[in-house]
Amino acid sequence: METGPLITLVVPFYRQPNMLRKQLETWAEYPQDVREAFDFIIVDDCSPEPAEDVLRQSRCYDSISLYRIDKDVPWNRSMARNLGTKMAETPWVLHVDTDHVLPPGSAAFLVKTVNEGLPNAWYRFERYRVGAADETRKKDKVDPKAEFIEIHPHIDSYLCTPEAYWRAGGYNEDFSGVLGGGSPFLKEMEKANGESDTIGCPLWVYTRHSVHD
């Protein structure tokens, strides 16, 4: 069994303080041995409401690193993800959107699975929605009153080795400034590393009705 951090969890941040608080609260619920298997990186995408303000109000751990992009380019998550991966020092990197949370049970399962050895270079996750559906979730075609409904994987939330990430070239930062960039990167990941498998633990995705920003 490997010792030390195994997985770097990278979260881009832009004006979602309540959702970042939810991330921090969830990480605090990890058992000690599970938390020690993670490094946590938050990349502040030049948010006018800095992530540092949230961290100062919350319980923080030495394993949380904060980086801030100093130029406010709209929809600059491509650079944020590239920066997070560049700074990662673990064998695996877990990229999630700010509203995608790895709950404690999934975190423990993921650490155990990584310790036992994963044969492929990248994996995607099923998601369970937390909170009633809103207009942004109509595409999921589920009852709007339902909670914890399984929905399809997201293009920007996945586990991979740093080597697999850079084999795909990282995110194309030419897509910064517009909403997008995930789909082209996903195609490059498939081209460079083959199709992904789905790992057997879900992420939770919070709707605006459950965590409002």
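Residues numbered from 1 in each chain as written. Predicted model: local features only at pLDDT ≥ 70, side-chain atom pairs only at ≥ 80, totals over all residues. Heavy atoms only, no water.

Asker: Would you take a moment to explain the packing of aromatic side chains for this structure?
Answerer: Centre distance and the angle of the planes are the two values used to describe a pair of aromatic rings. On inspection of all chains with the given rule, the structure shows ten aromatic pairs. With a centroid separation of 5.7 Å and 10° between ring planes, the pair formed by Phe38 and Phe40 is classed as stacked. Both residues of the pair, Phe38 and Phe40, count as buried. Arranged with centres 6.2 Å apart and planes meeting at 55°, the rings of Trp92 and Tyr123 form a pair that is tilted. Of this pair, Trp92 sits in strand S4 (residues 92-95) while Tyr123 is found in strand S6 (residues 122-130), placing the two residues 31 residues apart along the sequence. Accessibility expressed as a relative area gives 4% for Tyr123, which makes it buried. Among the aromatic residues, ring-to-ring pairing joins Tyr158, Tyr165, Trp166, Tyr171 and Phe185 into one connected group. (Phe/Tyr/Trp six-rings, centres within 6.5 Å; stacked < 30°, edge-to-face > 60°. Buried < 20%, exposed > 50% of the residue type's maximum accessible area, 1.4 Å probe, protein only. Helix = DSSP H or I, 4+ residues; strand = E, 2+ residues; numbered from the N terminus.)

Asker: Please clarify how the side chain of Asp45 should be interpreted in this entry.
Answerer: Position of Asp45 among the secondary structure elements: in the loop between strand S2 (38-44) and helix H3 (51-57). Buried and unpaired, Asp45 has no salt bridge, with Arg77 as the nearest side chain of opposite charge at 6.6 Å. Look past the residues within four positions of Asp45 in its chain and what remains in contact with it is Phe13, Tyr14, Ile69, Asp72, Val73, Trp75, Asn76 and Arg77. (Lys, Arg positive; Asp, Glu negative; His and termini not counted. Salt bridge = Lys/Arg side-chain N within 4 Å of Asp/Glu carboxyl O. Contact = heavy atoms within 4.5 Å.)

Asker: Help me out: how do you make sense of helix H7 (residues 182-193) in this one?
Answerer: A turn of α-helix holds 3.6 residues, and therefore any two residues three or four places apart point the same way. In this model, H7 (twelve residues) spans 16 Å end to end at C-alpha, consistent with the 16 Å of a helix rising 1.5 Å per residue. Residues of H7 that are buried: Gly182, Phe185, Leu186, Met189 and Asn193. For H7, the angular spread of the buried residues around the axis is 105°, confining them to a single face. Facing away from the buried surface of H7 by more than 90 degrees, the exposed residues are Lys187 and Lys191. Those residues of H7 hidden inside the fold are in contact with S6, strand S8 (158-160) and helix H6 (162-167). Remark: Gly194 follows H7 within two positions and exhibits a positive phi of approximately 80°. (Expected span 1.5 Å × (residues − 1). Arc of directions from axis to C-beta.)

Asker: Looking at this model, I keep getting lost on the nonpolar core. Mind explaining?
Answerer: The nonpolar side chains of a soluble globular protein tend to be buried with one another. In terms of nonpolar packing, the biggest core is built from 33 residues, with Ile7, Leu9, Phe38, Leu110 and Leu159 touching the most fellow members. Every element with two or more residues in this core is listed here: strand S1 (7-13), helix H1 (17-28), S2, H3, S4, helix H5 (104-116), S6 and strand S9 (197-206). Counting residues in hydrophobic clusters, the runner-up holds nine residues, among them Trp122, Tyr158, Tyr165 and Met189. (Core = buried A, V, L, I, M, F, W, Y, C linked by side-chain atoms within 4.5 Å.)

Asker: I would appreciate a short explanation of the environment of Asp197 in the present structure.
Answerer: Within the secondary structure layout, Asp197 lies in strand S9. Using a relative accessible area of 34% as the deciding quantity, one classes Asp197 as partly exposed. A sequence separation of 73 residues divides Asp197 from Arg124, and the C-alpha atoms of the two residues are 6.3 Å apart. Other than its neighbours up to four places away in sequence, Asp197 contacts Asn120, Trp122, Tyr123 and Arg124. Separated by 2.5 Å, the side chains of Asp197 and Asn120 make a polar contact. (Polar contact = N/O pair within 3.5 Å; in protein donor to acceptor, adjacent residues only side chain to side chain.)

Asker: In this structure, what is going on with H1? I would like to understand it.
Answerer: Between the first and last C-alpha of H1 there are 16 Å, a value that for twelve residues agrees with the 16 Å anticipated at 1.5 Å per step. Taken together, the buried positions of H1 are Pro17, Met19, Leu20, Gln23, Leu24, Thr26 and Trp27.

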